[in-house]
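Summary of the model geometry
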Amino acid sequence: MKADTRLIDTAALERALQAFADARDWNQFHSPKNLAMALTGEVGELVEIFQWLTEEESRKVASAPATARAVRDELADVLLYLVRLSSVLGVDMNEAVTHKIRANAVKYPAPDSAG
């Protein structure tokens, strides 16, 4: 991965989420603690979709009529809360993701980690 590679750009989403919160006077509720708790709740709702499914069924949740909309909505909720939390904390998600991918490459070198 080249040093100047930008993997993600959340700026537009951060602005949209800030405008959404501003219009509703919700910034007072968007503490890191509250956002982390809300994120955890949304991850729980996503996990609930997979509960009791077989491995094969779990691979089809995004296309199965009974779960497709719900899985998309919950994935979106997780992303929205994650981006809002990173924005409130002032964390550059591109830098964080880039750093973590590089750290994982060192921790789990491909020749030693395959399979």
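Scroll up to find the structure this text is about.
1. Some remarks on the side chain of Arg84
- One can find Arg84 in helix α4 (residues 68-89).
- Of the side chains bearing the opposite charge, Asp22 lies closest to the buried Arg84, which forms no salt bridge; the N-O distance is 5.8 Å.
- There is a polar contact of 2.8 Å between the side chain of Arg84 and the side chain of His30.
- Among residues more than four places away in sequence, those in contact with Arg84 are Leu17, Gln18, Ala21, Asn27, His30 and Leu35.

2. Notes on the environment of Ala21
- Counting through the fold element by element, Ala21 comes out in helix α1 (residues 11-24).
- Residues Ala21 and Ser58, 37 residues apart in the sequence, show an inter-C-alpha distance of 34 Å.
- The residues touching Ala21, leaving out its near neighbours within four places in the chain, are Trp26, Asn27, His30 and Arg84.

3. Description of the side chain of Glu74
- Position of Glu74 relative to the elements: it lies in helix α4.
- Within the buried core, Glu74 has no salt-bridge partner, and the shortest N-O distance to an opposite charge, that of Arg69, equals 9.4 Å.
- Beyond its immediate chain neighbours, meaning those up to four positions away, Glu74 contacts Glu42, Glu45, Leu46 and Ile49.

Conventions used here
- Residues numbered from 1 in each chain as written.
- Predicted model: local features only at pLDDT ≥ 70, side-chain atom pairs only at ≥ 80, totals over all residues.
- Heavy atoms only, no water.
- Helix = DSSP H or I, 4+ residues; strand = E, 2+ residues; numbered from the N terminus.
- Buried < 20%, exposed > 50% of the residue type's maximum accessible area, 1.4 Å probe, protein only.
- Lys, Arg positive; Asp, Glu negative; His and termini not counted.
- Salt bridge = Lys/Arg side-chain N within 4 Å of Asp/Glu carboxyl O.
- Polar contact = N/O pair within 3.5 Å; in protein donor to acceptor, adjacent residues only side chain to side chain.
- Contact = heavy atoms within 4.5 Å.

Take it as geometry only, folks, not as evidence of what the structure does.
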